[in-house]
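So the chains spell out like this:
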Amino acid sequence: MALILISKILRIKVMVRIVGWDVNWRDQISNRLSRIESRIVHSFNYTKADCVLCFTETVKNIVKAERKSAKTVIIPDGVDTSRFYCPRRKSRVVLFVGRASFPKRPDMVKEAFAMAKCDGYELKLIEGDVPFEEMPGHYADAKAFLFASESEGFPLVFAEAMASGTPIITNCFTTASDIIRNGCNGYVCTDVEQMAFFLSLLLKNKKQWKRLSKNCLKESRRYDWNRIADQIKEVGYELVGKGR
């Protein structure tokens, strides 16, 4: 907030980048005074910024609902897709990556995996700090990526999984359907029973898995950092009134 005020005084153009907490702050703040303070800060940032970068259409609508005057542009988060694309291994793994605490819900992931009766498959839970260079190998091991978080903005693990060609089965959260299209690059589920059903379907149907895996690789191009960087630069050039 202070930085935006200073920028306005100095007549410097300002872009604000929405992060996951900006989308779900109401769910994560219980104190009424803190809620009021956060609402004031968010509304001020949306109004005074020259541009608000939103990672999905739903986030854009949330910002517009807060302040209709805000200039918004949809630019998703990105990953180095070349780093995560590597030869798949013939392992039988279902993968979860995230904190071992709420709202990530690894307990729901375990329940869905057990209900799916994935005979011959291993559930791999990566819940702690893992060297970044090891992550592409974990995704390459996975036949499916299972996610059960109840509160997210843009999970970077989705872009990483897609870049590895790993279909995603996820619990429904605010922006899930903006990123995952049912039957295309994964499935968005309303409860643990649906998660178990689609996981079982995906692991037993090779033709379906290959189609979703191919779509994941294709979809991941949207999140390549080179493309994202170019989009952000274009917005910056437009704000300052310059061409490339």
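First, a word on scope: everything that follows refers to the structure included in this document. Everything numeric in this text was worked out from a predicted model, so none of it was measured.

What counts, and where the lines are drawn
- Residues numbered from 1 in each chain as written.
- Predicted model: local features only at pLDDT ≥ 70, side-chain atom pairs only at ≥ 80, totals over all residues.
- Heavy atoms only, no water.
- Phe/Tyr/Trp six-rings, centres within 6.5 Å; stacked < 30°, edge-to-face > 60°.
- Helix = DSSP H or I, 4+ residues; strand = E, 2+ residues; numbered from the N terminus.
- Buried < 20%, exposed > 50% of the residue type's maximum accessible area, 1.4 Å probe, protein only.
- Pairing = 2+ DSSP bridges.
- Axes fitted to C-alpha atoms, helices over the stretch in contact; angles between N-to-C directions.
- Contact = heavy atoms within 4.5 Å.

### Some remarks on the packing of aromatic side chains
Aromatic ring pairs are described here by two measures, namely the spacing of the ring centres and the angle between the planes.
Step number 1: Per the stated rule, a full pass over the model turns up 13 aromatic pairs.
Step number 2: Here F84 and F132 contribute two aromatic rings whose centre-to-centre distance is 5.7 Å and whose plane-to-plane angle is 80°, an arrangement assigned as edge-to-face. With F84 in helix 5 (residues 81-84) and F132 in the loop between strand 5 (122-126) and helix 7 (135-141), this residue pair connects regions lying 48 residues apart in the sequence.
Step number 3: The exposure class assigned to F132 is partly exposed, which follows from its relative accessible area of 41%.
Step number 4: Feature note: the residues F84, F96, F132, Y139, F145, F147, F158 and F173 constitute an aromatic cluster, connected by ring pairs.

### Considering the sheet that holds strand 5
Step number 1: Ordered by their spatial adjacency, five strands build an open sheet running 5-4-6-7-8, and the pairing between neighbours is parallel. The open sheet is flanked by strand 5 and strand 8 (186-189), the only strands paired with a single partner. Geometrically, the sheet is characterised by an average inter-axis angle of 20° between neighbouring strands, direction not taken into account.
Step number 2: Taken strand by strand, helix 6 (residues 106-116) contacts strand 4 (93-97), strand 5, strand 6 (142-147) and strand 7 (168-171), and its axis lies near 175° from that of strand 5.

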